[in-house]
Amino acid sequence: MKKGFIFALLVVLAFASVAFAAKAPIKIGYVANLTGEAATWGVHEKNGALIAVEEINKKGGVLGRPLEIVIYDVKEKAEDAISAVRRLILEDKVVAIGGTNFSGLNIATIPIIEQYKVPQIGSYPTNPAVTVDPKTGKARPYSFRICFTDPYQGKVIAEYLYSKLGIKEAAIIHDVGSDYSEGLTEYFIKTYTGLGGKVVSNQGFRGGDVDFRAQLTNAKNSGAKALVMPNLYKEMSLMMKQAWELDWKPTFIGGDGFSMNMFEIAGPAMENSYWVYHLSFDDPVLKPLYAKYEAKFKVKATEMVHTVAAYDIVYWIADAIKRAGKADGAAVRDAIENTKNLKLLHFTLTVDKATHNPLNKPAAILKATQGKMVYLETYKPQSNF
(Lines give C-alpha, C1' and ligand atoms only; values in the text may rest on other atoms or scores of the structure.)
Protein backbone atom coordinates (compact mmCIF):
# COMPACT_ATOMS: atom_id res chain seq x y z
CA MET A 1 0.00 0.00 0.00
CA LYS A 2 2.73 2.43 0.90
CA LYS A 3 4.66 1.82 -2.30
CA GLY A 4 1.48 2.10 -4.36
CA PHE A 5 0.49 5.30 -2.61
CA ILE A 6 3.91 6.83 -3.13
CA PHE A 7 3.88 5.85 -6.81
CA ALA A 8 0.41 7.35 -7.27
CA LEU A 9 1.48 10.52 -5.51
CA LEU A 10 4.51 10.87 -7.75
CA VAL A 11 2.32 10.42 -10.82
CA VAL A 12 -0.11 13.08 -9.59
CA LEU A 13 2.75 15.47 -8.87
CA ALA A 14 4.26 14.81 -12.28
CA PHE A 15 0.97 15.52 -14.01
CA ALA A 16 0.49 18.62 -11.87
CA SER A 17 3.97 19.81 -12.83
CA VAL A 18 3.27 19.24 -16.52
CA ALA A 19 -0.08 20.99 -16.24
CA PHE A 20 1.52 23.96 -14.48
CA ALA A 21 4.24 24.23 -17.11
CA ALA A 22 1.65 24.02 -19.88
CA LYS A 23 -0.23 27.08 -18.63
CA ALA A 24 0.45 30.38 -20.37
CA PRO A 25 3.14 32.19 -18.38
CA ILE A 26 2.71 35.65 -16.93
CA LYS A 27 5.50 37.69 -18.45
CA ILE A 28 7.43 40.43 -16.73
CA GLY A 29 10.35 42.39 -18.14
CA TYR A 30 13.70 43.51 -16.81
CA VAL A 31 16.05 46.09 -18.29
CA ALA A 32 19.67 46.26 -17.13
CA ASN A 33 23.07 47.53 -18.19
CA LEU A 34 24.72 44.24 -19.11
CA THR A 35 27.55 45.79 -21.11
CA GLY A 36 29.66 48.89 -20.50
CA GLU A 37 31.14 50.27 -17.29
CA ALA A 38 27.96 49.48 -15.33
CA ALA A 39 27.87 45.84 -16.42
CA THR A 40 29.08 44.61 -13.02
CA TRP A 41 25.84 46.00 -11.55
CA GLY A 42 23.57 44.95 -14.41
CA VAL A 43 24.74 41.34 -14.46
CA HIS A 44 24.12 41.06 -10.72
CA GLU A 45 20.62 42.47 -11.20
CA LYS A 46 19.86 40.03 -14.00
CA ASN A 47 21.01 37.13 -11.85
CA GLY A 48 19.01 38.29 -8.83
CA ALA A 49 15.87 38.50 -10.96
CA LEU A 50 16.45 34.99 -12.34
CA ILE A 51 16.85 33.52 -8.85
CA ALA A 52 13.60 35.15 -7.73
CA VAL A 53 11.62 33.87 -10.72
CA GLU A 54 12.96 30.35 -10.19
CA GLU A 55 11.94 30.44 -6.52
CA ILE A 56 8.47 31.79 -7.26
CA ASN A 57 7.81 29.12 -9.88
CA LYS A 58 8.93 26.36 -7.52
CA LYS A 59 6.28 27.63 -5.11
CA GLY A 60 3.52 27.46 -7.73
CA GLY A 61 3.99 30.65 -9.68
CA VAL A 62 1.50 33.49 -9.59
CA LEU A 63 -2.27 33.03 -9.96
CA GLY A 64 -1.58 29.39 -10.74
CA ARG A 65 0.60 30.29 -13.72
CA PRO A 66 4.38 30.24 -14.16
CA LEU A 67 6.22 33.54 -14.11
CA GLU A 68 8.47 34.26 -17.08
CA ILE A 69 11.04 37.04 -17.20
CA VAL A 70 12.35 38.68 -20.36
CA ILE A 71 15.62 40.57 -19.92
CA TYR A 72 17.21 43.09 -22.27
CA ASP A 73 20.58 44.85 -22.20
CA VAL A 74 20.16 48.64 -22.46
CA LYS A 75 23.91 49.36 -22.65
CA GLU A 76 23.72 52.56 -20.55
CA LYS A 77 21.96 54.31 -23.46
CA ALA A 78 18.59 56.09 -23.36
CA GLU A 79 17.74 55.03 -26.91
CA ASP A 80 18.36 51.38 -26.04
CA ALA A 81 16.25 51.67 -22.89
CA ILE A 82 13.37 53.16 -24.89
CA SER A 83 13.64 50.46 -27.54
CA ALA A 84 13.82 47.67 -24.96
CA VAL A 85 10.81 48.89 -22.98
CA ARG A 86 8.75 49.33 -26.14
CA ARG A 87 9.67 45.81 -27.25
CA LEU A 88 8.86 44.33 -23.85
CA ILE A 89 5.40 45.88 -23.91
CA LEU A 90 4.38 45.50 -27.56
CA GLU A 91 6.12 42.25 -28.53
CA ASP A 92 6.69 40.33 -25.30
CA LYS A 93 3.42 41.48 -23.70
CA VAL A 94 4.82 41.98 -20.20
CA VAL A 95 2.59 43.29 -17.40
CA ALA A 96 5.38 45.03 -15.44
CA ILE A 97 9.05 45.91 -15.85
CA GLY A 98 11.98 45.98 -13.42
CA GLY A 99 15.12 48.16 -13.78
CA THR A 100 17.12 50.20 -14.54
CA ASN A 101 19.66 51.55 -12.06
CA PHE A 102 20.29 54.80 -14.01
CA SER A 103 17.97 57.78 -13.47
CA GLY A 104 18.40 59.12 -17.00
CA LEU A 105 17.35 55.80 -18.53
CA ASN A 106 14.20 55.52 -16.43
CA ILE A 107 13.25 59.11 -17.16
CA ALA A 108 13.62 58.33 -20.88
CA THR A 109 11.18 55.40 -20.72
CA ILE A 110 8.40 57.25 -18.86
CA PRO A 111 6.43 58.28 -21.99
CA ILE A 112 6.38 54.65 -23.17
CA ILE A 113 5.16 53.07 -19.94
CA GLU A 114 2.54 55.78 -19.48
CA GLN A 115 1.28 55.42 -23.05
CA TYR A 116 0.84 51.66 -22.76
CA LYS A 117 -0.04 51.55 -19.04
CA VAL A 118 2.67 49.16 -17.87
CA PRO A 119 4.41 49.93 -14.53
CA GLN A 120 8.19 50.09 -14.19
CA ILE A 121 10.10 49.71 -10.91
CA GLY A 122 13.65 51.06 -10.95
CA SER A 123 16.41 49.47 -8.90
CA TYR A 124 18.64 52.49 -8.23
CA PRO A 125 17.42 55.46 -10.30
CA THR A 126 17.72 57.91 -7.42
CA ASN A 127 16.80 61.20 -9.15
CA PRO A 128 13.39 62.42 -7.84
CA ALA A 129 12.20 63.15 -11.40
CA VAL A 130 12.03 59.41 -12.08
CA THR A 131 8.84 59.12 -10.06
CA VAL A 132 7.67 62.72 -9.57
CA ASP A 133 7.03 65.16 -12.40
CA PRO A 134 9.01 68.31 -11.44
CA LYS A 135 6.54 70.50 -13.37
CA THR A 136 3.42 69.35 -11.54
CA GLY A 137 4.87 67.94 -8.32
CA LYS A 138 2.68 64.86 -8.79
CA ALA A 139 3.73 61.23 -8.87
CA ARG A 140 4.21 59.78 -12.32
CA PRO A 141 1.46 57.13 -12.44
CA TYR A 142 3.46 54.21 -13.83
CA SER A 143 6.97 54.85 -12.47
CA PHE A 144 8.23 53.48 -9.13
CA ARG A 145 11.53 52.76 -7.38
CA ILE A 146 12.81 50.42 -4.67
CA CYS A 147 15.66 52.70 -3.56
CA PHE A 148 15.92 55.98 -1.67
CA THR A 149 16.40 59.21 -3.63
CA ASP A 150 19.20 61.70 -4.27
CA PRO A 151 17.74 64.32 -1.88
CA TYR A 152 17.64 61.70 0.86
CA GLN A 153 21.10 60.38 0.05
CA GLY A 154 22.52 63.90 -0.29
CA LYS A 155 21.17 64.80 3.13
CA VAL A 156 22.69 61.69 4.70
CA ILE A 157 26.13 62.40 3.21
CA ALA A 158 26.00 66.05 4.28
CA GLU A 159 24.78 65.37 7.81
CA TYR A 160 27.16 62.51 8.39
CA LEU A 161 30.14 64.51 7.17
CA TYR A 162 29.23 67.62 9.18
CA SER A 163 27.65 66.21 12.34
CA LYS A 164 29.17 62.76 12.77
CA LEU A 165 32.64 63.26 11.30
CA GLY A 166 32.88 66.90 12.33
CA ILE A 167 34.24 68.12 8.98
CA LYS A 168 33.25 71.72 8.20
CA GLU A 169 35.08 72.35 4.89
CA ALA A 170 34.54 70.08 1.92
CA ALA A 171 35.35 69.87 -1.77
CA ILE A 172 33.10 68.24 -4.33
CA ILE A 173 33.86 66.94 -7.83
CA HIS A 174 30.81 65.96 -9.88
CA ASP A 175 29.77 64.83 -13.36
CA VAL A 176 28.05 67.80 -15.02
CA GLY A 177 26.31 65.58 -17.57
CA SER A 178 24.79 63.08 -15.14
CA ASP A 179 21.27 63.42 -13.68
CA TYR A 180 22.40 61.24 -10.79
CA SER A 181 25.56 63.21 -10.00
CA GLU A 182 23.97 66.64 -10.40
CA GLY A 183 20.99 65.73 -8.23
CA LEU A 184 23.17 64.36 -5.46
CA THR A 185 25.43 67.41 -5.66
CA GLU A 186 22.50 69.83 -5.37
CA TYR A 187 21.07 68.26 -2.25
CA PHE A 188 24.42 67.71 -0.58
CA ILE A 189 25.31 71.40 -0.95
CA LYS A 190 21.88 72.55 0.20
CA THR A 191 22.03 70.48 3.39
CA TYR A 192 25.74 70.93 4.14
CA THR A 193 25.69 74.72 3.84
CA GLY A 194 22.40 74.83 5.73
CA LEU A 195 24.08 73.11 8.64
CA GLY A 196 26.96 75.60 8.55
CA GLY A 197 29.48 73.71 6.42
CA LYS A 198 31.47 75.35 3.63
CA VAL A 199 31.92 73.95 0.14
CA VAL A 200 35.35 75.44 -0.53
CA SER A 201 35.82 73.81 -3.93
CA ASN A 202 33.04 72.82 -6.36
CA GLN A 203 34.28 71.43 -9.68
CA GLY A 204 32.89 69.42 -12.55
CA PHE A 205 34.00 66.92 -15.17
CA ARG A 206 32.46 65.11 -18.12
CA GLY A 207 31.57 61.44 -18.18
CA GLY A 208 34.42 59.44 -19.68
CA ASP A 209 37.15 61.59 -18.13
CA VAL A 210 39.92 59.62 -16.42
CA ASP A 211 42.35 62.34 -15.36
CA PHE A 212 41.15 64.40 -12.39
CA ARG A 213 44.49 65.84 -11.29
CA ALA A 214 43.58 69.45 -12.16
CA GLN A 215 40.38 69.33 -10.12
CA LEU A 216 42.11 67.51 -7.28
CA THR A 217 44.95 70.04 -7.16
CA ASN A 218 42.43 72.88 -6.86
CA ALA A 219 40.54 70.98 -4.18
CA LYS A 220 43.74 70.32 -2.23
CA ASN A 221 44.74 74.00 -2.42
CA SER A 222 41.29 75.06 -1.18
CA GLY A 223 42.01 73.62 2.25
CA ALA A 224 39.17 71.10 2.07
CA LYS A 225 39.29 68.37 4.69
CA ALA A 226 37.00 66.03 2.77
CA LEU A 227 36.29 65.14 -0.84
CA VAL A 228 32.65 64.43 -1.66
CA MET A 229 32.20 62.23 -4.73
CA PRO A 230 28.62 61.95 -6.07
CA ASN A 231 29.76 59.77 -8.95
CA LEU A 232 30.10 56.21 -10.24
CA TYR A 233 32.68 53.79 -8.94
CA LYS A 234 35.32 53.99 -11.68
CA GLU A 235 35.49 57.78 -11.50
CA MET A 236 35.57 57.79 -7.71
CA SER A 237 38.30 55.13 -7.66
CA LEU A 238 40.50 57.16 -9.99
CA MET A 239 39.90 60.36 -8.00
CA MET A 240 40.99 58.69 -4.78
CA LYS A 241 44.04 57.06 -6.34
CA GLN A 242 45.13 60.29 -8.02
CA ALA A 243 44.53 62.33 -4.85
CA TRP A 244 46.99 60.09 -2.99
CA GLU A 245 49.46 60.42 -5.86
CA LEU A 246 49.23 64.19 -5.31
CA ASP A 247 49.95 63.60 -1.62
CA TRP A 248 46.45 64.70 -0.65
CA LYS A 249 44.66 62.40 1.78
CA PRO A 250 41.32 63.97 2.70
CA THR A 251 38.37 62.06 4.12
CA PHE A 252 36.67 60.48 1.12
CA ILE A 253 32.90 60.06 1.15
CA GLY A 254 30.52 58.94 -1.58
CA GLY A 255 27.11 57.51 -2.27
CA ASP A 256 25.62 54.42 -3.85
CA GLY A 257 27.75 54.66 -6.98
CA PHE A 258 30.18 52.59 -4.90
CA SER A 259 31.39 49.15 -6.05
CA MET A 260 33.55 46.51 -4.40
CA ASN A 261 35.71 46.77 -7.53
CA MET A 262 36.97 50.08 -6.11
CA PHE A 263 39.33 48.28 -3.76
CA GLU A 264 41.27 46.96 -6.74
CA ILE A 265 41.32 50.28 -8.63
CA ALA A 266 41.88 52.75 -5.78
CA GLY A 267 44.20 50.52 -3.79
CA PRO A 268 45.23 51.80 -0.34
CA ALA A 269 43.42 55.11 -0.92
CA MET A 270 40.18 53.23 -0.13
CA GLU A 271 41.20 52.77 3.49
CA ASN A 272 38.99 54.72 5.94
CA SER A 273 36.66 56.04 3.21
CA TYR A 274 32.94 56.36 3.98
CA TRP A 275 29.97 55.29 1.87
CA VAL A 276 26.24 55.87 2.07
CA TYR A 277 24.64 52.68 0.84
CA HIS A 278 21.36 50.83 0.65
CA LEU A 279 22.28 47.89 2.88
CA SER A 280 25.11 46.24 4.73
CA PHE A 281 27.00 43.56 2.81
CA ASP A 282 27.34 41.39 5.91
CA ASP A 283 23.68 41.53 6.95
CA PRO A 284 22.87 37.93 8.02
CA VAL A 285 19.57 38.03 6.13
CA LEU A 286 21.52 38.09 2.86
CA LYS A 287 23.56 34.92 3.48
CA PRO A 288 21.06 32.49 1.86
CA LEU A 289 20.96 34.63 -1.28
CA TYR A 290 24.76 34.73 -1.43
CA ALA A 291 24.74 30.93 -1.29
CA LYS A 292 22.06 30.58 -3.97
CA TYR A 293 23.90 32.98 -6.24
CA GLU A 294 27.16 31.08 -5.99
CA ALA A 295 25.45 27.71 -6.45
CA LYS A 296 23.54 28.83 -9.54
CA PHE A 297 26.15 30.97 -11.32
CA LYS A 298 29.37 29.33 -10.02
CA VAL A 299 30.84 32.67 -8.93
CA LYS A 300 30.55 34.73 -5.78
CA ALA A 301 28.32 37.78 -5.81
CA THR A 302 30.38 40.95 -5.45
CA GLU A 303 27.58 43.50 -6.01
CA MET A 304 24.96 42.05 -3.68
CA VAL A 305 23.07 45.33 -3.35
CA HIS A 306 22.08 45.06 -7.02
CA THR A 307 21.23 41.39 -6.78
CA VAL A 308 18.99 42.09 -3.78
CA ALA A 309 17.24 44.99 -5.50
CA ALA A 310 16.32 42.93 -8.56
CA TYR A 311 15.37 39.93 -6.42
CA ASP A 312 13.04 42.06 -4.30
CA ILE A 313 11.61 43.89 -7.33
CA VAL A 314 10.52 40.57 -8.84
CA TYR A 315 8.92 39.52 -5.55
CA TRP A 316 7.21 42.93 -5.32
CA ILE A 317 5.80 42.54 -8.85
CA ALA A 318 4.67 38.97 -8.13
CA ASP A 319 2.90 40.13 -4.97
CA ALA A 320 1.23 42.96 -6.91
CA ILE A 321 -0.01 40.59 -9.63
CA LYS A 322 -1.43 38.31 -6.95
CA ARG A 323 -3.21 41.19 -5.21
CA ALA A 324 -4.46 42.55 -8.54
CA GLY A 325 -5.98 39.16 -9.29
CA LYS A 326 -5.11 39.41 -12.97
CA ALA A 327 -2.14 39.90 -15.26
CA ASP A 328 -3.01 43.39 -16.46
CA GLY A 329 -0.62 46.35 -16.47
CA ALA A 330 -3.05 48.93 -15.12
CA ALA A 331 -4.33 46.61 -12.38
CA VAL A 332 -0.78 45.64 -11.40
CA ARG A 333 0.13 49.35 -11.25
CA ASP A 334 -2.69 49.98 -8.79
CA ALA A 335 -1.52 47.09 -6.62
CA ILE A 336 2.10 48.29 -6.71
CA GLU A 337 1.04 51.78 -5.61
CA ASN A 338 -1.02 50.35 -2.76
CA THR A 339 1.76 48.15 -1.40
CA LYS A 340 1.84 48.28 2.39
CA ASN A 341 4.05 46.42 4.88
CA LEU A 342 5.32 43.96 2.26
CA LYS A 343 8.14 41.90 3.80
CA LEU A 344 10.92 41.74 1.24
CA LEU A 345 14.39 40.32 1.75
CA HIS A 346 16.18 43.50 2.77
CA PHE A 347 13.39 45.66 4.21
CA THR A 348 9.65 45.96 4.74
CA LEU A 349 8.10 48.03 1.97
CA THR A 350 5.31 50.57 2.10
CA VAL A 351 4.89 52.85 -0.91
CA ASP A 352 4.49 56.59 -0.43
CA LYS A 353 1.64 57.30 -2.85
CA ALA A 354 2.63 60.96 -3.20
CA THR A 355 6.12 60.14 -4.48
CA HIS A 356 6.12 56.43 -5.41
CA ASN A 357 9.20 56.05 -3.20
CA PRO A 358 9.66 53.48 -0.41
CA LEU A 359 8.50 55.13 2.80
CA ASN A 360 11.30 55.89 5.27
CA LYS A 361 13.84 53.48 3.81
CA PRO A 362 16.99 53.61 5.96
CA ALA A 363 20.53 54.16 4.66
CA ALA A 364 23.53 52.13 5.75
CA ILE A 365 26.82 53.87 6.56
CA LEU A 366 29.81 51.75 5.53
CA LYS A 367 33.52 52.28 6.09
CA ALA A 368 36.40 50.72 4.15
CA THR A 369 38.57 48.99 6.72
CA GLN A 370 41.48 46.63 5.96
CA GLY A 371 40.20 45.80 2.51
CA LYS A 372 36.61 45.19 3.59
CA MET A 373 33.41 47.19 3.88
CA VAL A 374 32.42 47.45 7.53
CA TYR A 375 28.90 48.43 8.58
CA LEU A 376 28.90 51.36 11.02
CA GLU A 377 25.26 52.27 11.49
CA THR A 378 21.87 52.89 9.93
CA TYR A 379 21.23 56.57 9.49
CA LYS A 380 18.21 58.75 8.72
CA PRO A 381 18.67 62.48 8.01
CA GLN A 382 17.33 64.87 10.64
CA SER A 383 17.61 68.29 8.98
CA ASN A 384 14.91 70.17 7.07
CA PHE A 385 17.32 71.71 4.57
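Residues numbered from 1 in each chain as written. Predicted model: local features only at pLDDT ≥ 70, side-chain atom pairs only at ≥ 80, totals over all residues. Heavy atoms only, no water.

A.B. asks: Even after reading the chapter, I still don't get the pattern of salt bridges, so can you show me in this structure?
C.D. replies: Should their charged atoms come close, side chains of opposite charge can pair. Inspection of every chain in the model, using the stated rule, returns 12 salt bridges. Between Lys296 and Glu54 there is a salt bridge whose closest N-O contact spans 2.9 Å. Separated by 242 residues along the polypeptide, Lys296 in helix 10 (residues 287–297) and Glu54 in helix 2 (residues 39–58) bring together distant segments of the chain. Accessibility expressed as a relative area gives 35% for Lys296, which makes it partly exposed. One salt-bridge network, in which partners are shared between bridges, spans Asp211, Arg213, Lys241 and Glu245. (Salt bridge = Lys/Arg side-chain N within 4 Å of Asp/Glu carboxyl O. Helix = DSSP H or I, 4+ residues; strand = E, 2+ residues; numbered from the N terminus. Buried < 20%, exposed > 50% of the residue type's maximum accessible area, 1.4 Å probe, protein only.)

A.B. asks: What's the story with the side chain of Glu55 in this structure? I'm lost.
C.D. replies: Relative to the helices and strands, Glu55 is located in helix 2. For Glu55, a relative accessible area of 12% gives the class buried.

A.B. asks: What am I meant to see in the side chain of Gln203 here?
C.D. replies: Position of Gln203 relative to the elements: it lies in strand 7 (residues 198–205). Of note is the side chain of Gln203, whose polar atom sits 3.0 Å from the side chain of Ser201. Polar contacts involving the side chain of Gln203 include one to the main-chain carbonyl oxygen of Gln215, which spans 2.7 Å. Setting aside chain neighbours within four positions, we find Gln203 in contact with Ile172, Ile173, His174, Ala214, Gln215, Asn218 and Ala219. (Polar contact = N/O pair within 3.5 Å; in protein donor to acceptor, adjacent residues only side chain to side chain. Contact = heavy atoms within 4.5 Å.)

A.B. asks: So what exactly am I meant to see when it comes to the sheet that holds strand 5 (residues 143–145) here?
C.D. replies: By way of backbone hydrogen bonds, the strands of a sheet pair with one another, either parallel or antiparallel. With respect to topology, 5 strands assemble into an open sheet ordered 2-1-3-4-5, the strand pairing being parallel. Looking along the sheet, the strands with just one partner apiece sit at the ends: strand 2 (67–73) and strand 5. Relative to strand 4 (residues 120–122), strand 3 (residues 97–98) is paired through 2 bridges, and the arrangement is parallel. Bridge pairing in strand 4 places Ile97 opposite Gln120. Helix-sheet contacts for helix 2 involve strand 1 (26–32) and strand 2, and the interaxial angle to strand 2 is about 170°. Seen against the sheet, helix 4 (residues 103–116) touches strand 4 and strand 5 and runs at an angle of roughly 170° to strand 4. (Pairing = 2+ DSSP bridges. Axes fitted to C-alpha atoms, helices over the stretch in contact; angles between N-to-C directions.)

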